[in-house]
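Chain residues, written in single-letter form:
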Amino acid sequence: MRTETKQVKIYSFADVLADENLKQKVLERQYDINVDHDWWDSIYYDAEQIGCKISGFDIGRESYCDLSFDLSAHEIAQNIINNHGEQCDTYKTAASFLEEWQPIYNTYLDESSEHYESSEYEDKLLDIEQEFCRALSEDYLYTLRREYEYLTSEEAILETLEANEYEFTDDGRDY
């Protein structure tokens, strides 16, 4: 029997930053460090907080976000207005929905209106609500895509490696 001891050079994060070749090896090996788990959980949670459910998505070739409402469209829009910032895409979508939906809804419930509880106005409301759901799906798809792009960016990968004090071998593997 024979035993050999192998010496391995270990590089700190600062060493990696100082050597562009080593940095590229590390980035290639660690490209999925931030997305090798359920990275989308916080976005799903955000949707749940306003009354929606995301049951699946694909930010690649298929490009979709399956979103459904657990509350009424009006309640969801109000939740967004109350909890999302004015610069947020979902806020703008909710504000636009409410601006279009509210007058039709008011007329639909106005007993003095010729459209009181009419099927025509009911259909209009349903169409507006379906469009709102579709638009929110697009907003969340965009958010998911943006989050993935950030998490797989060089900046985010390096931040994760530095924050967790990773060390590396000369072939870019973590030690």
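Every chain is numbered on its own, with residues counted from 1 as its sequence reads. Only residues with pLDDT of at least 70 are given local features in this predicted model, and only at 80 or more are side-chain atom pairs given and counted; all residues enter the totals for whole chains, interfaces and linings. Side-chain measures here rest on the full set of heavy atoms in the structure, leaving out hydrogens and waters.

A short note on the pairing of strand β1 (residues 52–58)
A pair of strands counts as paired when DSSP detects no fewer than two bridges linking them. Strands here mean DSSP runs of E at least two residues long; helices mean DSSP runs of H or I at least four residues long; both are numbered from the N terminus. By the bridge criterion, six bridges tie β1 to strand β2 (residues 64–69) in an arrangement that is antiparallel. Across the sheet, the residue bridging to Lys53 is Ser68, located in β2. Remark: five residues form the turn of the hairpin made by β1 and β2, two consecutive strands paired antiparallel; Ser63 in that turn has positive phi of roughly 50 degrees.

Concerning helix α2 (residues 20–29)
When a residue's accessible area, from a 1.4 Å probe over protein chains only, is under 20% of the maximum for its type it is buried; when over 50% it is exposed; and in between it is partly exposed. Burial in α2 covers these residues: Leu22, Lys23, Val26 and Leu27. One side of α2 carries all its buried residues, which in axial view fall inside an arc of 135 degrees. More than 90 degrees from the buried face of α2, the exposed residues found are Asn21 and Glu28. In this fold, the buried residues of α2 make contact with α1 (13–18) and α7 (154–163). Polar contact is the term for a pair of N or O atoms within 3.5 Å; when the atoms are in protein, one must be able to donate a hydrogen and the other to accept it, and sequence-neighboring residues count only if both atoms are side-chain atoms. The residue sitting at the N-terminus of α2 and contributing the capping side-chain oxygen is Asp19; that oxygen lies 3.0 Å from the backbone nitrogen of Asn21. When we speak of the arc, we mean the arc of directions from the helix axis to the C-beta atoms. A contact between two residues is defined here by any heavy atoms of the two lying within 4.5 Å.

Side note on the nonpolar core
Nonpolar side chains in soluble globular proteins tend to be buried together. Nonpolar core, defined: a set of buried Ala, Val, Leu, Ile, Met, Phe, Trp, Tyr and Cys residues in which side-chain atoms within 4.5 Å join the residues together. Formed by 32 residues in total, the largest nonpolar core has its most connected members in Ile54, Ile80, Phe97, Phe132 and Tyr140. Broken down by secondary-structure element, the contributors of at least two residues to this core are α3 (41–50), β1, β2, α4 (73–83), α5 (89–109) and α6 (119–151). Ranked by residues supplied to this core, first place goes to α6 with 10 residues. If sequence neighbours within four positions are ignored, Ile54 has contacts with Ile43, Tyr44, Ala47, Cys65, Asp66, Leu67 and Tyr140. Judged by nonpolar contacts, the second largest core, of 11 residues, contains Phe13, Leu27, Leu158 and Phe168.

Thoughts on unusual backbone geometry
Phi is positive for Ser63, close to 50 degrees, though the residue is something other than glycine. Within the secondary structure layout, Ser63 lies in the loop between β1 and β2. Owing to a relative accessible area of 34%, Ser63 belongs among the partly exposed residues under this scheme. Of note, Glu165 is a non-glycine position whose phi angle comes to about 50 degrees, a positive value. Tracing the backbone through its elements, the reader meets Glu165 in the segment after α7. Look at Glu165 and you get exposed, because its relative accessible area is 68%.

Structural measurements only, silent on function.
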